[in-house]
Structures are given as C-alpha cells and as structure tokens.
Amino acid sequence: KMKKENSTVCVIPSRSQGDSINNLNFLNVGNQMLLELTINSAMKSKLFNKIFVIFDNNIHKNLFEKKYNILGIVDKKKNVDFTKLIKKYSKRYFDNYSNICVLFPNSPFKNHVTIKNMYTRFMKDKLNFMVSGCVEKKKFYLKEKNQYKKIFKLKKNSKDELFYISGGINFFKKNFNNFDGYLRSIN
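Within each chain, residues carry numbers counting from 1 in the order of the written sequence. Local features in this predicted model are restricted to residues of pLDDT 70 or higher, and side-chain atom pairs are both shown and tallied only at a pLDDT of 80 or more, whereas totals for entire chains, interfaces and linings draw on every residue. Hydrogens and water molecules were not included; the side-chain quantities draw on all heavy atoms of the structure.

A short note on the overall build of the protein chain
Inclusion rule: The helix count covers DSSP runs of H or I at least four residues long, the strand count covers runs of E at least two residues long, and both are numbered beginning at the N terminus. Burial classification: accessible surface area is computed with a 1.4 Å probe over protein chains only, and a residue below 20% of its type maximum counts as buried, one above 50% as exposed, and the rest as partly exposed. By definition in these notes, contact holds between two residues if any of their heavy atoms fall within 4.5 Å. Where accessible areas are quoted, they stem from the Shrake-Rupley method and a 1.4 Å probe; at the residue level, only the protein chains shown are allowed to cover.
Broken down by element type, the protein chain carries four helices and ten strands. Across the protein chain, helices and strands are ordered from the amino to the carboxyl terminus as β-β-β-α-β-α-β-α-β-α-β-β-β-β. Taking all 187 residues of the protein chain together, the buried fraction comes to 44%. By sequence separation, contacts in the protein chain at least 24 residues apart represent 67% of the contacts at least 6 residues apart. Carbon and sulfur atoms form 48% of the exposed surface of the protein chain, whose accessible area is close to 11800 Å².

Rendered as structure tokens:
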C-alpha cells in the first residue's frame, strides 16, 4: 500500500497487567472504562484513519473489536514499553501512515479537543514528535542546558521548574526513530 500524505494512525497500548494496579485500563470512571474513554476521545477527534488497540489477551481484543470500530493486536509480553511495541508492529500495521499518535488509557482526562489542538500544532510546527505534559513541582524531568534529564528527587531549595510528562497524548512522525531517547529531547 502507498503511504497517504499526512495520514495518522492512533495506537492505544492497553494491558491488564499494570505497574501498580492490575486492570487499571478496564476500571470504570462513571459509566465507562478508562480504555473506552480513550477510544471515544480518539473517535470523536475524527483525526485518525485507523485506531489500533494493543491488548495482552484475546478476550479484551474480541470484546472491544465488536463494540468499537477498532483493530486489536494481541501482545502477551508483560510490562513492555510502548516504544518497543510501536517498533515491533510498525512494519506490519503502521508503515502506511505519515504520523503515529499514541494515547494512554490510564490518562483519562484527555479529550478530542486537546487531541485536535495538539495535532494542529504538531503539523503546523512540522515537529518530529510532541507529547502532552504540564509544569509541576516535585516531579520527574529537570531542564538542564536545553535538555531534560530524568530525576527522582528534587534537591532542597531548588527553584528550577520540573516538567512532568502527563496527559497520555503522543504524536510522532512516521520516520521518527529516536524512541529510546525522545524524553531527553523534550522542548
């Protein structure tokens, strides 16, 4: 297949085995599961040519494929970082698209408007990648010499701003290949 110019695929990594809470992506917030909120936000944005959800079992895959117009992928390895999943399935599923959007279901407070606004900025500024985040205190990334470095504890009396990667929205150009180091290049 030929790659469509400016086509975008959405990938939602969803697993039942969590870092701290099992089945987190399948917990209800109101009358929907976290995963459903993410799928609905992706669909409502009307940006994506296809929506893929990566599951760790066939039961969830079959259930969500029937309920929503998504394509399920099953990867049974536990605690695999999403960047490795994107690399693993890129040639088989994502190569025909110019851009990849990764949405995390455990960040439920994203909505279709935010996704669209990020996409517009991503395209307008011709970025290689864009991740959602916010400025916080006592969090994970410290800006040092125009790069961001991962830290685990804030030094006492530090007045530097810390940036916390949050919100669960990530856009990447298809030819972007620095997944292993992209967090160090955030600006």
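Let us keep going from here.
Some remarks on the confidence of the model for the protein chain
This is how the line gets drawn: The quantity known as pLDDT measures the predictor's confidence residue by residue, on a range of 0 to 100.
When pLDDT is averaged across the protein chain, the result is 81; 72% of the residues are at 70 or more. When mean pLDDT is compared element by element in the protein chain, strand E4 (residues 50–55) scores highest at 96, while strand E8 (residues 141–144) scores lowest at 60.

Here's the deal with the side chain of Glu36
Spelled out, the test is: By the criterion applied in these results, polar contacts are pairs of N or O atoms within 3.5 Å in which, for protein atoms, one can donate a hydrogen and the other can accept it, and in which residues neighboring in sequence qualify only through two side-chain atoms.
Residue placement: Glu36 occurs in helix H1 (residues 34–45). For Glu36, the side chain forms a polar contact with the side chain of Tyr68, separated by 2.8 Å. When near neighbours in sequence (up to four residues on either side) are disregarded, Glu36 contacts Phe64, Lys67 and Tyr68.

Considerations on H1
Counted only if it meets this: A helix is expected to span 1.5 Å for every residue after the first.
Helix length check: H1, at twelve residues, gives a terminal C-alpha distance of 17 Å against a target of 16 Å (1.5 Å per residue), a fit within 8%. Leu34, Leu35, Glu36, Thr38, Ile39, Ser41, Ala42 and Ser45 are the residues of H1 that are buried. Of the residues one or two after H1, Lys46 is the one with positive phi, at around 55°.

Here we look at the pattern of salt bridges
A side chain of one charge can pair with a side chain of the opposite charge if their charged atoms are brought near each other. Note the threshold: The term salt bridge refers to a pairing of a side-chain nitrogen on Lys or Arg with a carboxyl oxygen on Asp or Glu at a separation within 4 Å.
For the structure on display, the rule yields five salt bridges. Here Asp75 and Lys88 are joined by a salt bridge, their closest N and O atoms 2.8 Å apart. Here the residue Asp75 occupies a position in the loop between strand E5 (71–74) and helix H3 (82–94), and Lys88 occupies one in helix H3, the gap between them amounting to 13 residues. For Lys88, a relative accessible area of 47% corresponds to the partly exposed category. A salt bridge links Asp125 to Arg121, with the nearest nitrogen and oxygen atoms 2.4 Å apart. Here Arg121 falls in the partly exposed class, since its relative accessible area comes to 47%.

Some thoughts on the pairing of E4
Heads up, the condition is: A crossover gets the label right-handed when its path from the first strand over the helix to the second runs clockwise, viewed with the strands pointing away from the viewer.
Counting buried residues in E4 gives five out of six residues, a clear majority hidden from the surface. Handedness of the crossover joining E4 and E5 through helix H2 (residues 58–67) is recorded here as right-handed.

What to know about the packing of H1 against helix H4 (residues 112–124)
Note the cut-off: Lines fitted to C-alpha atoms define the axes, with helix axes restricted to the stretch in contact, and inter-axis angles between N-to-C directions lie between 0 and 180 degrees. Note on terminology: angles under 35 degrees are roughly parallel, angles over 145 are roughly antiparallel, angles of 65 to 115 are roughly perpendicular, and the others are oblique. Crossing chirality is assigned from the near helix's rotation relative to the far helix, an anticlockwise turn below a right angle marking it left-handed and a clockwise turn marking it right-handed. Charged residues are taken to be Asp, Glu, Lys and Arg, nonpolar residues to be Ala, Val, Leu, Ile, Met, Phe, Trp, Tyr, Cys and Pro, and polar residues to be all remaining types, Gly included.
Closest axis-to-axis distance for the H1/H4 pair is 8 Å, and the angle between their directions is 55°. Taken together, H1 and H4 sit at an angle that is classed as oblique. When you trace H1 past H4, the crossing you get is right-handed. Along the contact surface, H1 presents Ser41, Ala42, Lys44 and Ser45, while H4 presents His112, Ile115 and Lys116. Partitioning the contact of H1 with H4 into residue classes produces two nonpolar, three polar and two charged.

Some points on the state of the cysteines
Worth spelling out the cut-off: Cysteine sulfur pairs qualify as disulfides if the two atoms are within 2.5 Å.
This structure, assessed with the given rule, holds zero disulfides. Cys101 carries a free sulfur, and the closest cysteine sulfur to it, the one in Cys10, is 4.9 Å from it.

Details of the packing of aromatic side chains
To describe a pair of aromatic rings, one takes the distance between the centres and the angle between the planes. Our working rule: Aromatic pairs are defined between Phe, Tyr and Trp rings, using the six-membered ring for Trp, whenever the two ring centres lie within 6.5 Å; interplanar angles under 30 degrees are classed as stacked, those over 60 as edge-to-face, and all others as tilted.
Across all of its chains, the model carries twelve aromatic pairs by this definition. The interplanar angle of 25° and the centroid separation of 6.4 Å between the aromatic rings of Phe129 and Phe172 together place this pair among those described as stacked. In this pair, Phe129 is assigned in strand E7 (residues 129–136) and Phe172 in strand E10 (residues 162–173), connecting sequence segments 43 residues apart. By relative accessible area, which is 16% here, Phe129 ends up buried. Members of the aromatic cluster, joined through ring pairs, are Phe26, Phe55, Phe64 and Tyr68.

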